[in-house]
Amino acid sequence: MKKTALITGITGMVGSHLCDFLLEHTDWDVYGVCRWRSPLDNVEHLLTRVNEKDRVFFEYADLNDQVSLLSVIQKVKPDYVFHLAAQSYPVTSFTAPIDTLNTNILGTSRLLESIRLTMALDRAYHPVIHVCASSEVFGKIPPEQKPEEGIHEECPFHPASPYAVSKVGTDLLGRYYAQAYGMTVMTTRMFTHTGPRRGDVFHESTFAKQIAMIEKGMIPPVVKVGNLDSLRTYADVRDAVRAYYMLVTVNPIAGEYYNIGGTYTCKVGDTLNVLLSMSVRKDQIKVEVDAERLRPIDADLQVPDCRKFKAHTGWEPQIPFEKIMEDLLNYWRERVEKDNFLTR
């Protein structure tokens, strides 16, 4: 019988790329959970298949509505659940902390509870579930406490934003449901991952968007930035979704948790310089610090140790940093060519 996958947050960057990967590399049917007001930009290329019911189906539900989640789970009974939906913007969480905590912690609980209740009604039903936490749970680790090989799974949590706090709750809920109810739930802490369709609230994407708008003559030749000294390790979103597929298909172990990330580490300022070097107007663009882009606290040493996940699955990132940045910049060039945007 054909397998089915359910992706919460299918209209996001990661969810849409995961759907693309599953359509290309499996014969599974893919069900995407989205809200009635979810923007469809990232899944525009899938809409014909959705309308023709060609292996892609949209189900309307909301993490803040238990009834809608339970209805979808009981209807689809997916073999695999990828829980990617969240209020995923750390900066936004400082101005909307309650919404962030409710959506990410209680929303995850509502989803897992819906699965648990469905399993209780059908003893033969036992899905494999991926709960997506975040490397932000590790937060602001003092340099003297950062392990030499990078942040490993057992490093203590030091969440540095309401978003990070919410992802601590998400992480722990996944492990709790595995231990308490025998559900095959695994949790990931993905470090910085980017590429086409990345939201413009993230540093490398807003850099690329501003550069594309400058090249188009839409804004003055000034890139506004926040903290350029934070250290980040980058992975491509297409490598990330391949990792998520391997997570649920390569000997899934209930209750396990993994750090996943790339291998290229640099300061945010170095990332900006790489993007600027790719611009036809690189000699004319200035850089300006914008106080509104600075976080009250910054998770500034995001360097992962991914040996546990690699040893278990054999996964390795394949797309080099320069290619990631080139594809991101070209994505924004294509967007500004056909659309009008407000500056961020």
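Relevant structure appears above.
Heads up: these notes are all about the structure in this document. Here the residue numbers are simple positions, counted from 1 along each chain's written sequence. Predicted model: local features are reported for residues with pLDDT of at least 70 only, side-chain atom pairs are reported and counted for 80 or more only, and whole-chain, interface and lining totals are derived from all residues. Values reported for side chains reflect all heavy atoms of the structure, with hydrogen atoms and water molecules removed beforehand.

### Structural notes on the packing of helix α3 (residues 66-76) against helix α5 (residues 97-121)
So, point 1. In contact at an axis separation of 9 Å, α3 and α5 are set at 45° when each is read in the N-to-C sense. The orientation of α3 with respect to α5, classified from their angle, is oblique. Seen from above, α3 lies across α5 with right-handed handedness. Contact with α3, carried on its side by Q66, L69, L70, I73 and Q74, involves G107, R110, L111, E113, S114, I115, L117, T118 and L121 of α5 and no other residues of that element. Between the N-to-C directions of two axes lies an angle of 0 to 180 degrees, each axis being a line fitted to C-alpha atoms and, for a helix, fitted only over the stretch in contact. The helix count covers DSSP runs of H or I at least four residues long, the strand count covers runs of E at least two residues long, and both are numbered beginning at the N terminus. Oblique is the label for any angle not covered by the other classes, which are roughly parallel (under 35 degrees), roughly antiparallel (over 145) and roughly perpendicular (65 to 115). In a left-handed crossing the near helix is turned counterclockwise from the far helix by less than a right angle, and in a right-handed crossing that turn is clockwise. Contact definition: two residues touch when any of their heavy atoms are within 4.5 Å.

### Comments concerning the environment of V250
So, point 1. Its location among the elements puts V250 in the loop between α8 (237-249) and β10 (257-260).
So, point 2. Linking V250 and P162, residues 88 residues apart in sequence, is a C-alpha distance of 33 Å.
So, point 3. Those residues in contact with V250 that lie beyond four places of it in its chain are H312 and T313.

### Looking at the sheet that holds strand β1 (residues 4-8)
So, point 1. Taken in spatial order, the 7 strands of this open sheet run β3-β2-β1-β4-β5-β6-β10, and their pairing is parallel. Each end of this open sheet is capped by a strand with a single partner; those strands are β3 (56-60) and β10. When the angles between neighbouring strand axes are averaged without regard to direction, this sheet yields 20°.
So, point 2. Taken together, the 4 bridges between strand β4 (residues 80-83) and strand β5 (residues 128-132) define a ladder with parallel strand orientation. Note that in β5 the partner of V81 across the bridge is I129.
So, point 3. Along the sheet face, helix α6 (residues 162-181) touches β5, β6 (184-190) and β10 and points at about 155° away from the line of β6. When DSSP finds two or more bridges between a pair of strands, those strands are recorded as paired.

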